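# Tertiary structure, described
Spelled out, the chains give:
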Amino acid sequence: MTESKEEITGQVCIYNPDKWRYSVFLFMKERPQIQDGCRIYQILHISEGRSC
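Residues numbered from 1 in each chain as written. Predicted model: local features only at pLDDT ≥ 70, side-chain atom pairs only at ≥ 80, totals over all residues. Heavy atoms only, no water.

In this section: the overall build of the protein chain. Along its length, the protein chain carries 0 helices and 2 strands. Across the 52 residues of the protein chain, 0% fall into the buried class. Within the protein chain, contacts between residues separated by at least 24 positions form 15% of all contacts whose residues are at least 6 apart in sequence. If you sum the accessible surface of the protein chain, you get close to 5700 Å²; carbon and sulfur atoms cover 50% of it. (Helix = DSSP H or I, 4+ residues; strand = E, 2+ residues; numbered from the N terminus. Buried < 20%, exposed > 50% of the residue type's maximum accessible area, 1.4 Å probe, protein only. Contact = heavy atoms within 4.5 Å. Areas by Shrake-Rupley, 256 points an atom, 1.4 Å probe, with all protein chains shown as cover.)

Structure representation (structure tokens):
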């Protein structure tokens, strides 16, 4: 993907030690153009985890 740093609002890297692999997820305000080799997910809900 060829996104600029201004378009990226967040980034998460998840490491799986059992498989010696990692996954990187980028968060953007606008949906980027679809490119080969990329999966685009839509966030449906974010829970803030507040307890009463």
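There is more to say after this.
Turning next to unusual backbone geometry. For tryptophan 20, which is not a glycine, the phi torsion comes out positive at approximately 55°. Structurally, the position occupied by tryptophan 20 is in the loop between strand E1 (8-16) and strand E2 (21-28).

Let's shift gears to the layout of surface pockets. When its volume is computed, the largest pocket comes out at roughly 810 Å³. Top contributing element to the lining of the largest pocket by residue count: E2, with 7 residues. When its residues are assigned to classes, the lining of the largest pocket shows 13 nonpolar, 3 polar and 4 charged. (1 Å grid on protein atoms, 1.4 Å probe; cavity = no way out; pocket = protein on both sides within 12 Å on 5 of 7 lines; lining within 4 Å. Points joined across faces, edges and corners; volume = space filled by probe spheres on them. Nonpolar A, V, L, I, M, F, W, Y, C, P; charged D, E, K, R; others polar.)

This part takes up a nonpolar patch on the surface. The grouping of Val12, Ile14, Phe25, Phe27, Tyr41, Ile43 and Ile46 at the surface amounts to a nonpolar patch, some 680 Å² of accessible area in total. Among the elements of the structure, E1 and E2 are those that each provide at least two residues to the nonpolar patch. Here isoleucine 14 shows up in strand E1. (Patch = residues over 30% accessible without salt bridge, like charges linked within 9 Å, V, L, I, M, F, W, Y side chains within 5 Å. Salt bridge = Lys/Arg side-chain N within 4 Å of Asp/Glu carboxyl O.)

Here we come to the environment of phenylalanine 27. As for its placement among the helices and strands, phenylalanine 27 is situated in strand E2. A sequence separation of 18 residues divides phenylalanine 27 from threonine 9, and the C-alpha atoms of the two residues are 5.4 Å apart. Beyond its immediate sequence surroundings of up to four residues, phenylalanine 27 is in contact with Glu7, Ile8, Thr9, Gly10, Gln11, Val12 and Ile43.

Examined bridge by bridge, E1 and E2 share 8 bridges and lie antiparallel to one another. Pairing of isoleucine 8 across the sheet is with methionine 28, part of E2. Hairpin connection from E1 to E2: 4 residues lie between these consecutive antiparallel strands, with tryptophan 20 at a positive phi of about 55°. (Pairing = 2+ DSSP bridges.)

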